[in-house]
Amino acid sequence: MSQTQQPIIDAHLHLFDRALGQYAWLKSDNPPFWPDKHLLDRDFSESDLVLSKTKPVLGFVHIEAGFNNAQPYTEIDWLQKTCRLPFRSVAFADLNAANFVDQIDRLQARRSVVGIRHILDEQAVAILSASTLPKALALLAQRQLSFDAQLSLADSPAIDKLLYFAGKHQELDIIINHAGWPFGKPEVSFQPQWQYNIKRLANFNNIAIKLSGWEMTDRAWQADHVKPILVQCLESLGPERVMLASNFPLCTLSCSYAQLWQRYHNIAADDGQLYRQLTYSNALKWYKFNPTDFIQG
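Bear in mind the structure is a predicted one, so any value in this text is a computation, not a measurement.

## Re the overall build of the protein chain
Looking only at helices and strands, the protein chain has 9 helices and 8 strands in total. Compactness check: the protein chain gives a C-alpha radius of gyration of 18 Å against a globular reference of 19 Å for 297 residues, within 12% of the reference. Referenced to the eigenvectors of the C-alpha coordinate spread, the extents of the protein chain come out at roughly 50 × 45 × 45 Å. Put simply, the protein chain has 297 residues, and 58% of those count as buried. Partitioning the contacts of the protein chain with sequence separation of at least 6, the portion at a separation of at least 24 is 79%. For the protein chain, the exposed surface amounts to about 12,700 Å²; the carbon and sulfur share of it is 51%.

## Overview of the pairing of strand β2 (residues 59–63)
Within β2, 5 of the 5 residues are buried, which leaves the element mostly enclosed by the surrounding structure. Bridging between strand β1 (residues 9–13) and β2 involves 3 bridges; their strand directions are parallel. Its bridge partner lying in β2, L13 is registered against H62. Relative to strand β3 (residues 87–92), β2 is paired through 4 bridges, and the arrangement is parallel. The partner of H62 across the bridge, within β3, is S89. On the question of chirality, the crossover connecting β2 to the parallel β3 by way of helix α1 (residues 73–82) is right-handed.

## Quick word on the environment of Y257
Mapped onto the secondary structure, Y257 falls in helix α8 (residues 257–268). By relative accessible area, which is 4% here, Y257 ends up buried. Of the polar contacts made by the side chain of Y257, one reaches the side chain of D10; its length is 2.6 Å.

## A look at the packing of aromatic side chains
Enumeration over the complete set of coordinates arrives at 13 aromatic pairs. Ring geometry for Y257 against W261: centres 6.4 Å apart, planes inclined by 75°, an arrangement best described as edge-to-face. Of this pair, Y257 and W261 are both found in helix α8, 4 residues apart, which corresponds to roughly one turn of the helix. Taken individually, Y257 and W261 each receive the classification buried, so the pair is uniform in this respect. Grouped by ring-pair contacts, the aromatic residues F16, Y23, W25, F44, F67, W78, F248, Y257, W261 and Y264 constitute a single cluster. The ring of W221 carries R263 above its face, with NZ or CZ at 4.6 Å from the centroid. Of note, K285 hangs over the ring of W286, and the distance from its end group to the ring centre comes to 4.1 Å.

About the thresholds
Along each chain, the written sequence defines residue order, and numbers are assigned to residues from 1. Reporting in this predicted model follows two pLDDT cut-offs: at least 70 for local features of residues, and 80 or more for side-chain atom pairs to be given and counted; totals over whole chains, interfaces and linings ignore these cut-offs and use all residues. Each side-chain value is derived from all of the structure's non-hydrogen atoms; neither hydrogens nor water enter the calculation. Secondary structure elements follow DSSP: runs of H or I no shorter than four residues count as helices, runs of E no shorter than two count as strands, and numbering proceeds from the N terminus. Atoms considered for the radius of gyration are the C-alpha atoms alone. The globule rule reads 2.2 Å times the number of residues to the power 0.38. Relative accessibility under 20% of the residue-type maximum defines a buried residue, over 50% an exposed one, and the middle range a partly exposed one, all with a 1.4 Å probe and only protein chains included. Contacts are residue-level and defined by heavy atoms, with any inter-residue pair within 4.5 Å sufficient. Residue burial considers only the protein chains on display, and all accessible areas are found by Shrake-Rupley using a 1.4 Å probe. A pair of strands counts as paired when DSSP detects no fewer than two bridges linking them. Seen with its strands pointing away from the viewer, a crossover is right-handed when the path leading from the first strand over the helix to the second is clockwise. Definition of a polar contact: a pair of N or O atoms within 3.5 Å, with one able to donate and the other able to accept a hydrogen when the atoms are protein atoms, and with sequence-neighbouring residues admitted only if both atoms are side-chain atoms. Two aromatic rings, drawn from Phe, Tyr or Trp (for Trp, its six-membered ring), form a pair once their centres lie within 6.5 Å of each other, and the interplanar angle then sorts them: stacked below 30 degrees, edge-to-face above 60, tilted otherwise. By definition, being over a ring means that NZ of Lys or CZ of Arg is both within 6 Å of the ring centre and within 35 degrees of the ring normal.

This is the structure we're talking about:
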């Protein structure tokens with residue numbers, strides 16, 4: 001069966017409306033300073049999520065894209081007004097903000113919101129060490145909202161803190177973004193600390209991982225770069241805690257949307273049940289979709 005016949009929920013993507021959103025990171029004088037970043041400086045809608053001439057994805061998870069970090073609910077309102085495919089939203093919320101409860105109240109009033117993301121990356125230790133963080137993560141757990149954690153799995157001090165909270169709040173789903181940045185220099189080599197820490201995640205059933213974002217470290221990435229990472233994640237976490245995703249539209253800096261999913265199909269589709277888990281069933285579960293949302297379930 002070809003990838004265009006498989007049901008796909010894209011577990012990590014971004015849509016843009018530059019007339020309504022701010023997207024400061026897209027501006028040429030703001031990081032990331034990529035020479036080809038101007039290619040992303042346009043609007044993207046769900047109509048761009050096409051796997052073939054006639055086949056769209058079944059649904060998607062929209063991850064906050066810097067639309068309006070002061071009023072993150074405005075991004076959700078725009079999505080809910082304009083999108084027709086089944087989708088779930090992971091909104092921005094400032095984990096260190098004094099008004100975090102108010103932010104969550106507003107976001108949770110929007111039906112598509114199932115989680116939040118506050119990008120950690122180089123500030124991971126500082127953010128995860130903040131005095132406000134225990135209450136913020138406890139609130140997410142209480143409200144049954146997930147936390148999309150974008151940080152390097154090679155950052156052991158940050159992973160120590162993340163795993164502490166994962167153990168303390170076992171009802172809080174934590175989903176690692178972009179495979180935890182597995183590549184070192186050159187990009188095709190594993191970072192040893194990444195390999196060590198991916199195995200540590202195995203002890204926490206409330207942690208999953210999404211594999212995407214390859215183009216951000218290597219525009220020329222190929223399927224054979226991804227396969228050993230997928231194998232390692234499956235060996236460490238099992239097939240129920242791993243998802244393949246696009247990071248659209250950033251993925252288009254390397255290949256088309258359809259080509260990306262074909263690459264995934266080429267490395268994972270030998271086992272049809274596993275491929276369905278990686279591209280559909282796991283996103284359905286971790287992001288709280290209703291199976292009746294889809295014609296194909």
